[in-house]
Amino acid sequence: MRIARLLGTVLGTTLLTTTAVLTAPAQAGPAASRDAVSLDGPALRDSLDAVHEAGMYGVFSSVRDGGEKWTGASGVADVATGRPVTPDMRQRVGSISKTFTAVGVMQQVERGRIRLDAPVGDYLPELIPGERGREITVRMLLNHTSGIGDYVLSSFPSLAQGSTDSLEEERFRSIRPAELVRMGLAAPATGRPGSVPGSYSNTNYVIAGLLLEKVTGQKAGAYLARHVIDRAGLRRTYLPRTPYIKGPHPRMYESWFGLLDPPRDFSVYDMSWASTAGSVVSTTDDLNRFYRALLGGKLVGKASLKEMTRTVPVSGMDYGLGIYSLELRGCGRFWGHDGAVFGAGTIALSSRDGERQVALAQNLMKYQESDEDGRPKLHPIDEAIAAHVVRALCPEAPASGINHSRLTESLRFDQLSH
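Cut-offs applied
Residues numbered from 1 in each chain as written. Predicted model: local features only at pLDDT ≥ 70, side-chain atom pairs only at ≥ 80, totals over all residues. Heavy atoms only, no water. Core = buried A, V, L, I, M, F, W, Y, C linked by side-chain atoms within 4.5 Å. Buried < 20%, exposed > 50% of the residue type's maximum accessible area, 1.4 Å probe, protein only. Helix = DSSP H or I, 4+ residues; strand = E, 2+ residues; numbered from the N terminus. Contact = heavy atoms within 4.5 Å. 1 Å grid on protein atoms, 1.4 Å probe; cavity = no way out; pocket = protein on both sides within 12 Å on 5 of 7 lines; lining within 4 Å. Points joined across faces, edges and corners; volume = space filled by probe spheres on them. Nonpolar A, V, L, I, M, F, W, Y, C, P; charged D, E, K, R; others polar. Pairing = 2+ DSSP bridges. Axes fitted to C-alpha atoms, helices over the stretch in contact; angles between N-to-C directions. Left-handed = near helix turned anticlockwise from the far one by under 90°.

### Describing the nonpolar core
Then, number 1: Formed by 111 residues in total, the largest nonpolar core has its most connected members in Phe100, Leu142, Trp273, Phe290, Leu294, Met308 and Leu349.
Then, number 2: A total of 8 residues in this core trace back to one element, the largest contributor, which is helix H8 (residues 202-216).
Then, number 3: Excluding anything up to four places from it in sequence, phenylalanine 100 contacts Leu224, Val228, Ile229, Leu234, Thr237, Val280, Leu287 and Phe290.
Then, number 4: Membership of the second largest hydrophobic core comes to 6 residues, among which are Phe60, Ala73, Ala77 and Ala361.

Encoded structure:
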């Protein structure tokens, strides 16, 4: 999920931020695999180590160029024991889940069960009644132009008062999707339905999950597992049913801009609060496989993919239907998503043909300090992450050819609803 800026600023822009001075000796993970010729393994390794050296506890990454692959990890999965992070670890990927949900909805569009430009009230009249149900379309949910507010601050009310108490108090709470939607609908509207720029809101994708359930007669998690995750050939990706992550994974540390000192471990957490907007667990290699399958036409047809990649301005992004684009000057346009939950941040980007890819995960969040306006200050970790992404996606581009500051701003993981 995207993580909202602290102290009552805009809820729901983009993803990851990490912070902190290490409390355990820096330890690199296993040597990165190097089975590629065109991928510069040593340079990728160095740029990943730089993220850890800048203060990130643990970071791991998968890079692909066609059939060639590089994976690496740097730092620790557990600051208390010094257990190293490894490239194959599972991670909560936050709002990258939105791409999975959008794919599920588009599959139903292809089957004629959903019409993109039909009012959502046609399908869910009791959930979204009245004028809103008539004016908000399915497309507006998927591209965040519905004007529906986000539920996250209502779900964790202490955050609006500058306290993190709610994060611990709600660790094992189970909350129904319909209740999340109720809170989002009760929040102040962010604009008229269909108006641009749109405003990023997790509520849109919880509604999308309920829509998927309505037209398929299945639980959204079961549908996505069978028709999206399995179809893409993912073996270590799932929507959790318990607060615990199955398989090898790092501990996930949340600093909340210094309010949690030392950062607190939230690797055990009931993710029902994220629902179909942000609860997926995956690996960096699986994420690359997923976006390659999507962009290669294996999950939806050409017409659906064209709709998904038609973007509008949303909270500073060029956002499509569950996917956004990022232009790297001198290198091209890349597609994907990022995501952040308490203690975990992830980004996945691919070239439009799915050939060049990077997916990166980190286990320390909101390590930045805030300025006088409550906005996170740029941290060396942010710059190091951007440098690794550039190295992965644009290996031939000279350093002077890439606008690092623009990329760094785009990859800021300092919000709570991503």
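Now that the structure is up, let's keep going.
### Here we look at the environment of alanine 359
Then, number 1: Mapping alanine 359 onto the fold places it in strand E14 (residues 356-362).
Then, number 2: Linking alanine 359 and asparagine 288, residues 71 residues apart in sequence, is a C-alpha distance of 6.4 Å.
Then, number 3: Filtering out sequence-adjacent residues up to four positions away, alanine 359 remains in contact with Phe60, Ser61, Ser62, Thr284, Leu287, Asn288, Ile347 and Ala348.

### With respect to the layout of surface pockets
Then, number 1: Of the pockets and cavities examined, the largest pocket occupies roughly 890 Å³.
Then, number 2: Lining of the largest pocket is provided by 29 residues; of these, Gly221, Leu239, Pro240, Arg241 and Ser279 occupy positions nearest its centre.
Then, number 3: Of all the secondary-structure elements, those providing two or more residues to the lining of the largest pocket are helix H7 (177-186), H8, helix H9 (220-229) and helix H10 (275-278).
Then, number 4: At 5 residues, the largest contribution of residues to the lining of the largest pocket is made by H9.
Then, number 5: Considered class by class, the residues forming the lining of the largest pocket number 14 nonpolar, 9 polar and 6 charged.

### Points about the pairing of strand E3 (residues 58-65)
Then, number 1: For E3, the tally of buried residues reaches 7 of 8 residues, placing the bulk of the element in the interior.
Then, number 2: Where E3 lies against strand E4 (residues 68-75), 8 bridges are found, and the strand directions are antiparallel. Residue pairing for E4: aspartate 65 is matched across the bridge by glutamate 68.
Then, number 3: Sheet analysis places E3 next to E14, joined by 7 bridges and oriented antiparallel. Pairing of aspartate 65 across the sheet is with arginine 356, part of E14.

### A word on unusual backbone geometry
Then, number 1: Across the junction of valine 196 and proline 197, the peptide omega takes the value 5 degrees, indicating a cis bond.
Then, number 2: Relative to the helices and strands, proline 197 resides in the loop between H7 and H8.
Then, number 3: For the bond running from aspartate 261 to proline 262, omega is 5 degrees, close enough to zero to count as cis.
Then, number 4: Position of proline 262 among the secondary structure elements: in the loop between strand E6 (253-254) and strand E7 (264-265).
Then, number 5: Backbone geometry at serine 275 places phi at a positive 50 degrees, although glycine is not the residue there.
Then, number 6: By the secondary structure assignment, serine 275 is in helix H10.
Then, number 7: Overall, serine 275 belongs to the buried group, its relative accessible area being 14%.

### Observations concerning the packing of helix H2 (residues 97-110) against H8
Then, number 1: H8 packs onto H2 with a crossing angle of 35 degrees between their chain directions and a minimal axis gap of 10 Å. Both H2 and H8 take part in a crossing whose hand is left-handed. Two secondary-structure elements touch here, H2 through Lys98, Thr101, Ala102, Gly104, Val105 and Gln108 and H8 through Asn202, Tyr205, Ala208, Gly209, Leu212, Val215 and Thr216.
Then, number 2: Class assignment for the residues of the contact of H2 with H8 results in 6 nonpolar, 6 polar and 1 charged.

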